[in-house]
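# Structure at a glance
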Amino acid sequence: MKSLIRFALASAAGLLVAGPALADLKVATSLTDLASVAQWVGGKHVTATSLCRGFEDPHFVPAKPSLMKAIQHADVFISTGLELDGGWLPLVLPGSRNPKIQPGAKGFVDASEGVEVLEKPTGTVSRAEGDIHPLGNPHYNLDPKALEVVADHLAQVFSELDAANAADYAANAKQFDEKIEASLAKWQKQLEPYKGAALLPYHRNFVYFADRFGLKLFGTVEPKPGIPPNPRYISELAGAMKKEGVKLVVYQPYYDADAANQVAKAAGAVALEIASECGGLPGTDDVFSKFDTLVSSIAGALSGKSGGAR
Ligand SMILES: [Zn+2]
């Protein structure tokens, strides 16, 4: 009905040329956080969904036909970029047979464009080292400031594809950025007492978060990306953690909770299950509630009073 009314209005104003320019944008993303930002920026003109769910490992999404079908009629596809989805997206995109969202088309967006990338490798990169993210660390969705860059970028893309609503997209992105700034001040205050504290993530996906909030990272539960730790690695790691006073291990729902807990136990630390993408745990429905939950649980665990100790 809404589109009928708009059609009528546009015709009356003599604005209707041809094609789908006035249709709402169907947006698909490879990460829930990107869908959340897209929804904020798109508001009522956009429906955004993510192929990878928040409790699934964004590196390894099975390239199922159902995913290809889900984006068959999408107007926009937003990739995380930096090869985080490099293992599955190159299969899913062509499988969709949707020319609008293939790389190079107007409807394909690399959300990492404009983001300040951390851990860009220098020198030669060898795949023999495992999944080492050869373009730099792709887990920028853990930096609230990086999401502002994404929001501004998406406002531009949506405006190009749907010029009639450009003013709304710009206003929504501005509102998103302002909300991030206000929230960031609150999150920084919550973590302020723990500046310089070290934590051990399961995978090196906490680099942007640690950088933004002044935390230190100490190794990873996995010895190499995708490789679970063996008992010898665990005991060596735990010994080193004790020496350095590392008291917190964090892991996502899609990683091996037993391994994370074993490492924490051996080191006299706490293992905390966290959601780094929204939808990963209850109460993380959008990027704001995700950071609210993440920051509170990390502050709680570092205070030693509460948190996800098991
Ligand atoms: Zn990674």
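Structural data are supplied above this passage.
Described in the following lines is the structure provided in the data block. Note that residues are indexed from 1 along each chain, following the sequence as it is written. The model is predicted, so local features are restricted to residues of pLDDT at least 70 and side-chain atom pairs to those at 80 or more, both for listing and for counting; the totals for chains, interfaces and linings are taken over all residues. Hydrogens are left out, water is left out, and the side-chain values use all remaining heavy atoms of the structure.

## Structural notes on the coordination of the zinc ion
Working reference: metal with six octahedral donors, ideal angles 90 or 180 degrees; metal with four tetrahedral donors, ideal angle 109.5 degrees. For the record, the criterion: A donor here means an N, O or S atom no more than 2.8 Å from the metal, or no more than 3.2 Å when the metal is Na, K or Ca. Since water is not included, a site may seem to lack partners. For a four-donor site, all angles between 85 and 135 degrees give tetrahedral; for four or six donors, opposite pairs above 155 degrees with the remaining angles between 65 and 115 give square planar or octahedral; all remaining cases count as irregular. In DSSP terms, a helix is any run of H or I states spanning at least four residues, a strand is any run of E spanning at least two, and both are numbered starting from the N terminus. A 1.4 Å probe rolled over the protein chains alone gives each residue an accessible area, and that area as a share of the maximum for its type sets the label: buried under 20%, exposed over 50%, partly exposed in between.
The coordination sphere of the zinc ion, as far as protein atoms go, consists of His59 (NE2), His133 (NE2), His139 (NE2) and His203 (NE2), spread over 2.0 to 2.1 Å. If you look at the zinc ion, its four donor atoms make angles of 98 to 124° with each other, and the shape they trace is tetrahedral. Here the donor residues for the zinc ion map to a single chain with the spacing H-x73-H-x5-H-x63-H. Within this pair, whereas histidine 59 is found in the loop between β2 (46–50) and α3 (65–70), its partner histidine 203 is found in the loop between β5 (198–201) and α7 (207–213), the two being separated by 144 residues in sequence. Of the two residues, histidine 59 and histidine 203, neither departs from the other in class, the shared state being buried.

## A word on the sheet that holds strand β7 (residues 248–251)
Selection rule: At least two DSSP bridges between two strands are required for those strands to pair. Should any heavy atoms of two residues lie within 4.5 Å, those residues are considered in contact. Only C-alpha atoms enter the line fits that serve as axes; for helices the fit covers just the stretch in contact. Angles between N-to-C directions range over 0 to 180 degrees.
Pairing in this open sheet of four strands is parallel, and the strands run β6-β5-β7-β8 from one edge to the other. The sheet terminates laterally at β6 (216–217) and β8 (270–273), the two strands that pair on one side only. Pairing geometry for β7 and β8, over four bridges, is parallel. What sits directly across from leucine 248, in β8, is valine 270. Together, β5, β7 and β8 form the strand contacts of helix α9 (residues 257–267), whose direction differs from that of β7 by roughly 175°.

## Some remarks on the packing of aromatic side chains
Remark: the centre distance and the inter-plane angle together describe each pair of aromatic rings, the angle taken between the planes. The criterion, for reference: In this analysis, rings of Phe, Tyr and Trp, with Trp reduced to its six-membered ring, are considered paired at centre separations within 6.5 Å, and the interplanar angle assigns stacked below 30 degrees, edge-to-face beyond 60, and tilted for intermediate values.
For the structure on display, the rule yields nine aromatic pairs. Among the aromatic side chains, those forming a connected cluster through ring pairs are Trp40, Phe176 and Phe288.

## Things to note about the environment of alanine 259
The residue alanine 259 is located in helix α9 in this model. Residue classification places alanine 259 among the buried positions, given a relative accessible area of 5%. Beyond its immediate chain neighbours, meaning those up to four positions away, alanine 259 contacts Tyr202, Val221 and Pro229.

## Side note on helix α10 (residues 287–303)
Test applied: Each helix should span, by expectation, one fewer than its residue count multiplied by 1.5 Å. Two N or O atoms form a polar contact when they lie within 3.5 Å of each other; inside protein one atom must be a possible hydrogen donor and the other a possible acceptor, and for residues adjacent in sequence the pair counts only when both atoms belong to side chains.
Taking 1.5 Å per residue, 17 residues should reach 24 Å; α10 reaches 24 Å between its end C-alpha atoms and fits that length. Burial analysis of α10 places 12 of its 17 residues in the buried class, the great majority of the element. Of all the positions in α10, only Val287, Phe288, Ser289, Lys290, Phe291, Leu294, Val295, Ser297, Ile298, Ala299, Gly300 and Ala301 are classed as buried. For α10, the capping residue at the N-terminal end is aspartate 286, with a side-chain oxygen 3.1 Å from the backbone nitrogen of phenylalanine 288. Directly beyond the C-terminal end of α10, a positive phi value near 80° is found at glycine 304.

## Thoughts on the side chain of threonine 220
Of note, threonine 220 is situated in the loop between β6 and α8 (231–244). At a separation of 2.6 Å, a polar atom in the side chain of threonine 220 contacts the main-chain carbonyl oxygen of glutamate 222. Beyond its immediate sequence surroundings of up to four residues, threonine 220 is in contact with Leu200, Pro201, Tyr202, His203, Arg204, Tyr233 and Leu237.

## A few points about the pattern of salt bridges
Applied cut-off: When a carboxyl oxygen of Asp or Glu lies within 4 Å of a side-chain nitrogen of Lys or Arg, that pair is called a salt bridge.
If you walk through the whole model with that rule in mind, you get 10 salt bridges. Of the charged contacts in the structure, one is a salt bridge between arginine 53 and glutamate 56, with a shortest N-O distance of 2.9 Å. Measuring nitrogen to oxygen at the nearest pair gives 2.3 Å for the salt bridge that ties arginine 204 to glutamate 119. Placement of arginine 204 in the loop between β5 and α7 and of glutamate 119 in the loop between β4 (108–110) and α5 (144–161) is noted, with a sequence separation of 85 residues between them. Residue classification places arginine 204 among the partly exposed residues on the basis of a relative accessible area of 34%.

## Overview of the packing of α5 against helix α6 (residues 166–191)
Our working definition: If an angle is under 35 degrees, it is roughly parallel; if it is over 145, roughly antiparallel; if it lies from 65 to 115, roughly perpendicular; otherwise it is oblique. Polar here means any residue outside two lists: the nonpolar Ala, Val, Leu, Ile, Met, Phe, Trp, Tyr, Cys and Pro, and the charged Asp, Glu, Lys and Arg; Gly therefore counts as polar.
Where α5 meets α6, the closest approach of the two axes is 9 Å, and the angle between their N-to-C directions is 175°. By the angle class used here, α5 and α6 are roughly antiparallel. Taken together, the residues of α6 that come into contact with α5 (itself represented by Pro144, Lys145, Leu147, Glu148, Ala151, Asp152, Ala155, Phe158 and Ser159) are Ala166, Tyr169, Ala170, Ala173, Phe176, Asp177, Ile180, Glu181, Leu184 and Trp187. Of the residues in the contact of α5 with α6, the class split is 13 nonpolar, one polar and five charged.

## Remarks on unusual backbone geometry
Unusually for a residue other than glycine, arginine 97 sits at a positive phi of about 50°. Relative to the helices and strands, arginine 97 resides in the loop between α4 (89–95) and β4. The backbone of glutamate 119 sits at a positive phi, close to 55°, despite the residue not being glycine. Judged by its relative accessible area of 36%, glutamate 119 falls in the partly exposed class.

## Here we look at the packing of helix α2 (residues 32–42) against α10
Two elements in contact, α2 and α10, have axes separated by 9 Å at closest approach and are oriented at 130°. Between α2 and α10, the angle is such that the two are oblique. Two secondary-structure elements touch here, α2 through Asp33, Ser36, Val37 and Trp40 and α10 through Val287, Phe288 and Lys290. Among the residues forming the contact of α2 with α10, the class breakdown is four nonpolar, one polar and two charged.

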